[in-house]
Amino acid sequence: MFSKFYSRSAKVFIAAVLIWTSLVSVVGAEEKGSAKNVILLIPDGMGISYLTATRIYKGEELSFERYVKGLMKTASADTNVTDSAAAGTAMATGYKTNNGVISVTPDGVKPDSILDAARESGKSTGLVATSRITHATPAVFTAHDPSRGNEVALATEYINNVDIILGGGRDMFLPESEGGKQPERNLVEEAKAAGYEYITNRSEIGQVDGDQILGLFAMSDLKYEIDRDKENVPSLAEMTKLAVDTLSKNDKGFFLMVEGSQIDWAGHANDPIALITDMLAFEEAVDVALEFARENSDTLVVVVGDHETGGMNIGNTPGGYQENIAVLKNATGSVNTVGAELLSKAITTDVGSSVRVVNHDIYMPLREVVDQLDGKLDYNGTDLTVDVEIANSAFTVNLPEKSVKVASQEQESDFFVENGTAYFNLKSIAELIGLQVAYGQDEDGNVTTAYWVDVKQVVEPIVGFKLTEEDVAQLTSVNWNNATTLINEVGTVVSGHALISWGSRHHTGEELPLYAYGKGANEFVGLIDNTNLPRILSYLMGVELFENEEAFMQELEKRRNQ
């Protein structure tokens, strides 16, 4: 009996050892230089919850989720909560730096990037982004500067250093005389003289056939996918396809970095609409890369963000154990679009020196408000009444009785009379004419502007759901002189309806999921640092960016398998 049990146990043990040995042999099994092509796709700001929200919205897993391999740490040299410049520097060069710095270490060294190493080894190179192409993440792969904000200088390091340059940011390549930001140089003309084909419209993509392309599809950043001008501006997937098709002409292979830039910006705005739709657009770009890798077995595809943005949570306290992400499916625009529409549709009036502030409410002389709103006011001195017409609405004010009537029906209204002048609460006037009023403040907090608009009429067709009165009050409670403040508040309202909550409007410090497919994909199993990423890529590509790469890979494998 004992011998039979021992025999069975031994067999199980031996089988387990064989299985473990086979698994170990997979990890670290790729030869140096075996990945001819590498496509690194960076969904800027994407954390785990972004994937969850997008999966719920889509109704099935994203195409690359099945290829999850491990986690990547994100800390920069000076903080555990990195920015894109420092995170990108680590991912591109293998060295930590401080937040805000483009590929310059804290001690002033300017290390080459994995893109530089690929170029020096004879491979073709490319950068694709939906931001300005000179923004932090793409810039770290080809430029160096102590400040990520110095994009005018960063732009000068692209031509002849990168073969395929696709994204926004035409202003950084054009001289000031043509509406750009370059003081003197015309980098577009320099690129053309160097042999680049220059395109600015989606319709031109099918016409290019050279080996070097400069494609700048907007003066500044491109828009969110949901707001994109689909006739004139290519999608991230279309730009990725153009890059892959062009770069793959090189028999020595290529390195391509593709960034879903504005996934991060949606996180900053706490905008779940733009976040999810940009995630889906990013997935389409990944699909382009995966299709190429399936047809070319010497290709490696890696997908990993640079940090998480916003601390997004699926669920919030009012919702309990629920989510309502499906409510976002009827949206036709991002919160950027909502904010822009509110500001463009609003009638603006000045809040002058005659204003009275009572319990934080703004009161102004009725006649002054009517004049600014291009209305009509008739004063009847006999019975001390005032007939008012504004924007196809009419009401009568009875000064002695301190009452207001609309079509003979008495309406509640908030006003007082001081020295013969009727001072009306602007919120009351807005209600009488079927609008809402919001205020704009200067830097000192003084109210300078009144914005009159029908909030529901503007917002509901874009977000795709009905606003509550609380929503309207929330949207009109912030400073409309600051467009970002308004846009962020729209994000808060939209998130509330989706039962999504946020911890921040900045970056957070957690690890990120890493996905890999193709040649060398299993080298990313486990927990790695962001500085490990280019070291693994350099080994697999055989481009010799670092010293002692074999020893590094052996140590990585040893740590992983202990």
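Provided above is the structure to which this section pertains.
Residues numbered from 1 in each chain as written. Predicted model: local features only at pLDDT ≥ 70, side-chain atom pairs only at ≥ 80, totals over all residues. Heavy atoms only, no water.

A.B. asks: Let's hear about the packing of aromatic side chains: which residues, and what values?
C.D. replies: Here the structure, examined in full by the defined rule, presents eleven aromatic pairs. Geometrically, the ring pair formed by phenylalanine 64 and phenylalanine 282 is edge-to-face, given 6.2 Å between the ring centres and 90° between the ring planes. With a gap of 218 residues between them, phenylalanine 64 in the loop between α2 (48-58) and β2 (68-73) and phenylalanine 282 in helix α10 (residues 272-295) connect regions that are remote in the sequence. The class of phenylalanine 64 is buried, set by a relative accessible area of 1%. Between the aromatic rings of phenylalanine 64 and tyrosine 515, the centroid separation amounts to 5.1 Å while the plane-to-plane angle is 80°, which identifies the pairing as edge-to-face. (Phe/Tyr/Trp six-rings, centres within 6.5 Å; stacked < 30°, edge-to-face > 60°. Helix = DSSP H or I, 4+ residues; strand = E, 2+ residues; numbered from the N terminus. Buried < 20%, exposed > 50% of the residue type's maximum accessible area, 1.4 Å probe, protein only.)

A.B. asks: Go over the pattern of salt bridges, please, and point to the residues and values.
C.D. replies: As enumerated under the stated definition, the model contains 24 salt bridges in all. In this structure, lysine 32 and glutamate 544 form a salt bridge, with 2.7 Å as the shortest nitrogen-oxygen distance. You can see lysine 32 sitting in the loop between α1 (2-26) and β1 (37-42) and its partner glutamate 544 sitting in the loop between α17 (532-541) and α18 (549-561), a full 512 residues away along the chain. Overall, lysine 32 belongs to the partly exposed group, its relative accessible area being 26%. For glutamate 544, a relative accessible area of 51% puts it in the exposed group. One salt bridge in this structure joins arginine 66 and glutamate 61, with 3.6 Å as the shortest N-O distance. A relative accessible area of 37% places glutamate 61 in the partly exposed class. One connected set of salt bridges, linked through shared partners, spans Lys32, Glu544, Glu549 and Glu550. (Salt bridge = Lys/Arg side-chain N within 4 Å of Asp/Glu carboxyl O.)

A.B. asks: Describe the environment of threonine 200, listing the residues and the values that go with them.
C.D. replies: Mapping threonine 200 onto the fold places it in the loop between β5 (197-199) and β6 (213-216). On the basis of relative accessible area, threonine 200 is assigned to the partly exposed category, the value being 29%. For the pair threonine 200 and glycine 167, spaced 33 residues apart in sequence, the C-alpha separation works out to 9.5 Å. If sequence neighbours within four positions are ignored, threonine 200 has contacts with Arg170, Leu216 and Phe217. (Contact = heavy atoms within 4.5 Å.)

A.B. asks: Mind laying out α2, listing which residues take part and the relevant values?
C.D. replies: Every buried residue of α2 is accounted for by Ser49, Tyr50, Leu51, Ala53, Thr54 and Tyr57. The elements touched by buried residues of α2 are α9 (262-268), α10, β9 (308-309), β10 (312-314), β23 (500-502) and β25 (512-518). At the C-terminal side of α2, glycine 59 shows a positive phi close to 90°.

A.B. asks: Now, about the nonpolar core: what can you tell me, with residues and values included?
C.D. replies: Ranked by size, the top nonpolar core spans 84 residues in total, and within it Ile39, Leu41, Leu166, Leu256, Leu328, Leu342 and Trp480 carry the most contacts. The element that contributes the greatest number of residues to this core is α10, accounting for 14 residues. If we skip the residues at most four places from it in the chain, isoleucine 39 touches Val244, Phe254, Leu256, Ala289, Phe292, Thr299, Leu300, Val301 and Val302. Counting residues in each nonpolar core, the second largest holds 58 residues, with Leu40, Ile114, Leu187 and Met257 among its members. (Core = buried A, V, L, I, M, F, W, Y, C linked by side-chain atoms within 4.5 Å.)

A.B. asks: Can you lay out the pairing of β6 for me, pointing to particular residues and giving the numbers?
C.D. replies: A two-sided burial pattern is seen for β6, the buried positions comprising Ile213 and Gly215 on one face and Leu214 and Leu216 on the other. Note that β5 and β6 share three bridges and pair parallel. In the strand pairing of β6, tyrosine 198 is matched with leucine 214. (Pairing = 2+ DSSP bridges.)

A.B. asks: So what about the sheet that holds strand β12 (residues 356-358)? Which residues, and what values?
C.D. replies: Picture the strands of a sheet paired through backbone hydrogen bonds; they go either parallel or antiparallel. In space, the four strands of this open sheet follow the order β12-β13-β20-β19, with antiparallel pairing throughout. Single-partner strands in this sheet number two, and they are β12 and β19 (415-418). Adjacent strand axes in the sheet meet at a mean angle of 30° when their direction is disregarded. Here β19 runs beside strand β20 (residues 421-425); their pairing, made up of four bridges, is antiparallel. Pairing of phenylalanine 416 across the sheet is with tyrosine 423, part of β20. (Axes fitted to C-alpha atoms, helices over the stretch in contact; angles between N-to-C directions.)

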